[in-house]
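Secondary and tertiary structure notes
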Amino acid sequence: MTRVEFLKNVIPFNLLPEEVLLGVSDLFHEVKYVKDTVIYQQELTKMKGIDIIVEGEYESFFYDSSHSRRLLEHHYGGFCYGGVSVLLNRKRSLRTVIAKKGTIVYFLPRKDFRALCNAYEDFFHHFTTDFGKRMLNEEFAHFAKHPTSFEESYIASEQLYSRKIESIGYKDIVYCDSQTPIFEAALTMAKQKTSCLIVRDQENKVAGFITDITLRDKVIANKKDPNEPIIEVVDNPVMTINSQAYVYEAVLMMFTTKTKYLLVEDKGSLKGIISRNRLLSEQAQSPLVYIQSVKLAVSLEELKSKWELVPQMITQLLGRGVNAEIINQIISTIADTIAQKVIEEVIKEIGTPPAEFVFMVLGSEGRKEQTLKTDQDNAIIYEDKANEQRELVRDYFLKFSTIVSDRLNFIGFVYCTGGFMASNPNWTHSLSHWKRNYESWIEDSLPETVIKFSTFFDCRYIYGNKKIIDELQEFLDEKLQQPMGKLFFYMANNAVQYQPPLTFFKNIKTITIGSHEVFDIKKSMTPIVDLVRLYALKNRIFKTNTGERIKALKDAGIFSETEYHELTQSYYYLMAMRLRKQASQIIHDKVLPENYIDPNTLTKIEQVTLKEIFKTIETFQSKLKVEYTNSLFG
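Cut-offs applied
- Residues numbered from 1 in each chain as written.
- Predicted model: local features only at pLDDT ≥ 70, side-chain atom pairs only at ≥ 80, totals over all residues.
- Heavy atoms only, no water.
- Helix = DSSP H or I, 4+ residues; strand = E, 2+ residues; numbered from the N terminus.
- Buried < 20%, exposed > 50% of the residue type's maximum accessible area, 1.4 Å probe, protein only.
- Contact = heavy atoms within 4.5 Å.
- Core = buried A, V, L, I, M, F, W, Y, C linked by side-chain atoms within 4.5 Å.
- Lys, Arg positive; Asp, Glu negative; His and termini not counted.
- Salt bridge = Lys/Arg side-chain N within 4 Å of Asp/Glu carboxyl O.
- Polar contact = N/O pair within 3.5 Å; in protein donor to acceptor, adjacent residues only side chain to side chain.
- Pairing = 2+ DSSP bridges.
- Right-handed = clockwise from strand over helix to strand, strands pointing away.

1. Details of the overall build of the protein chain
Counting secondary structure elements, the protein chain contains 25 helices and 21 strands. Projected onto the principal axes, the alpha-carbon positions of the protein chain cover approximately 90 × 80 × 45 Å. Counting over 634 residues, the protein chain shows a buried share of 51%. In the protein chain, the proportion of contacts linking residues at least 24 apart, taken out of those at least 6 apart, comes to 72%.

2. Looking at the nonpolar core
The biggest cluster of nonpolar side chains holds 129 residues, and the ones touching the most others in it are Ile334, Ile338, Phe359, Phe400, Trp434, Tyr438 and Phe456. The element that contributes the greatest number of residues to this core is helix α15 (residues 324-350), accounting for 13 residues. Residues in contact with tyrosine 438, not counting those within four places in the same chain, are Phe453, Phe456, Phe457, Cys459, Leu472, Phe475 and Leu476. Formed by 42 residues, the second largest nonpolar core is a distinct cluster that contains Val4, Phe13, Leu116 and Phe140.

3. Considering unusual backbone geometry
The omega angle of the peptide bond from isoleucine 11 to proline 12 is 5°, so this bond is cis rather than trans. With respect to the secondary-structure elements, proline 12 resides in the loop between α1 (3-8) and α2 (18-24). In this chain, asparagine 236 is followed by proline 237 through a cis amide linkage whose omega measures -5°. Assignment of secondary structure puts proline 237 in the loop between α9 (212-220) and β12 (240-242). A positive phi angle, near 70°, is found at asparagine 204, a position not held by glycine. Looking at where asparagine 204 falls in the secondary structure, it is placed in the loop between β10 (196-200) and β11 (206-211). For asparagine 204, a relative accessible area of 53% puts it in the exposed group. With a phi angle near 60°, lysine 368 is a residue other than glycine that sits in the positive phi range.

4. Points about the side chain of aspartate 598
Position of aspartate 598 relative to the elements: it lies in the loop between β21 (596-597) and α25 (604-629). No salt bridge is formed by the buried aspartate 598; the nearest opposite charge belongs to lysine 581, separated by 7.8 Å. From its side chain, aspartate 598 meets the backbone nitrogen of asparagine 600 in a polar contact 2.9 Å long. In this structure aspartate 598 touches His516, Glu517 and Val518, once residues within four positions along its chain are discounted.

5. Remarks on the pairing of strand β13 (residues 261-266)
If a strand is regular, its side chains alternate between the two faces of the sheet. In terms of residue burial, β13 counts as a mostly covered element, since five of its six residues are buried. Two strands pair when backbone bridges link them, and β12 and β13 are joined in this way by three bridges, in the parallel orientation. Within β13, the residue paired with asparagine 242 across the bridge is glutamate 265. Each parallel crossover has a hand, and for β12 linked through helix α10 (residues 247-257) to β13 it is right-handed.

6. Focus: the pattern of salt bridges
Enumeration over the complete set of coordinates arrives at 30 salt bridges. The closest approach of N and O atoms between lysine 224 and glutamate 228, which form a salt bridge, is 3.5 Å. Lysine 224 gets classed as partly exposed once you look at its relative accessible area, which sits at 26%. You can call glutamate 228 partly exposed: its relative accessible area is 26%. Residue glutamate 439 pairs with lysine 479 through a salt bridge whose shortest N-O separation is 2.5 Å. Taken together, the positions of glutamate 439 in helix α18 (residues 431-444) and lysine 479 in helix α20 (residues 466-479) put the pair 40 residues apart, joining distant regions of the chain. Salt bridges linked by common partners bring Arg367, Glu369, Asp458, Asp530, Arg533 and Arg549 together as one network.

See the structure below:
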């Protein structure tokens, strides 16, 4: 049997295309063991690669504190060892391994194994999913866990971003009918030992849920008649997540929606329910647990100190290879949580708002692409009120937004120099006024109004009545069905204004700042944001995140699979470089972060990669000129 034929039958190498197996087969080295020998020691041996047993046997186990062997396992032909250790355990062998006499293995160097993981997602997730399932074994988890300090926890962090919901042990859903008396629903919860009961209507659709807290707050505290139907006290909305979603997505969803339970869906049907406590216990050392500590902060000073710790967290995540898209989401979720805390405290102090409203964020925060150099970009929409109440409502929200803005500035979210803040009277208005704003920006379609429109197209709800912003979006959707040639012309013009920093000879072009020759990485990323926003707007795609927009455009057939990968990889490579630079400035240089990078501080590989990314951006800009500006820009 040839090496390629052998690899075709080895999990997960059988997931790779045959032409890839042909290409990598020569990268394996054959290694023979002539006698029983310890080849890897638990937590001591640094793995240089992975092994696939061809003939013979591996014996693996954990040593406990008394040096007794625990969880002894025997592995034979076709078994792959080392993947989890390389990916999730700081390259240290997770277990002690003894090769028996006469064992022959194929050895694949670490860098080649990592390259396959980076290139083929299913191959990579085989190792992380398998590890996640094994961690459900309490004895395995006990020996696999690392010290509990945040800095030393590698496995917990990696599991969070590579492990899927299906690997978590979620519970069966307990249902009751919407007309079930409250006391009977409580009896069902007690009998089934569940703290969450899902309520279904007469058509068997989910109508809401109740928890122990529901019964306490809505029934006992209000002296509700326990014979009334349970539908009278249900909570909503019920949040659902796909079983193939990642754990970090579930945790983020729970924090952003403030729900404590998620229904798990698979192929259109509900399979189980998972609680926030369950997820967080699985991820005891996860940086997302940090969000919970932010929610529990009791003062502005504490919130300020929480925000100041974010750069260290980002540095550690980048060092572990966590994708920049995920890091952006974490930063944005922490920022959202801080803003929500501030808003809630201000409302407590100055009284209940005189109208329904929504507090929205704009720009990079609206796109969930915040970095560590961030300012405030926000606005307020409030419901229309009768004429005699307009001044009262407006005065309240201007006072409210000024206090919120001042407190966010104290915490570390500095005032926006361009004035895009709710404390600016221009950006706190009624819904009807906001509709007129959007309408005039579209109709005028001047360069300066297009910039405003672009900023506010990146708006995202973070507090208040979401129906208000939904109504504004519906209004915009109607407008976008009309001819928009002039608007798209100026948006395309904006997207090609900044040329990637390449010289005629395709070297990185720099500018002089102080005594350094640098390029602005934020401006280098801007063309991608602008052109993707334009395509999204043209196709009435109302996602705000650049990565999500790119994927939606690919799904709609606007971008090819190749264009999707080129744009996504380019954007998040630049984002990771930008975050790394900013975190280093804050932690090591003790200076405010900025967006300038000296090419001479980059490795040759980084420089070459940047040049290729800039060429990719130029290609998309050229395409944009042809499609939207009719080559009028030369």
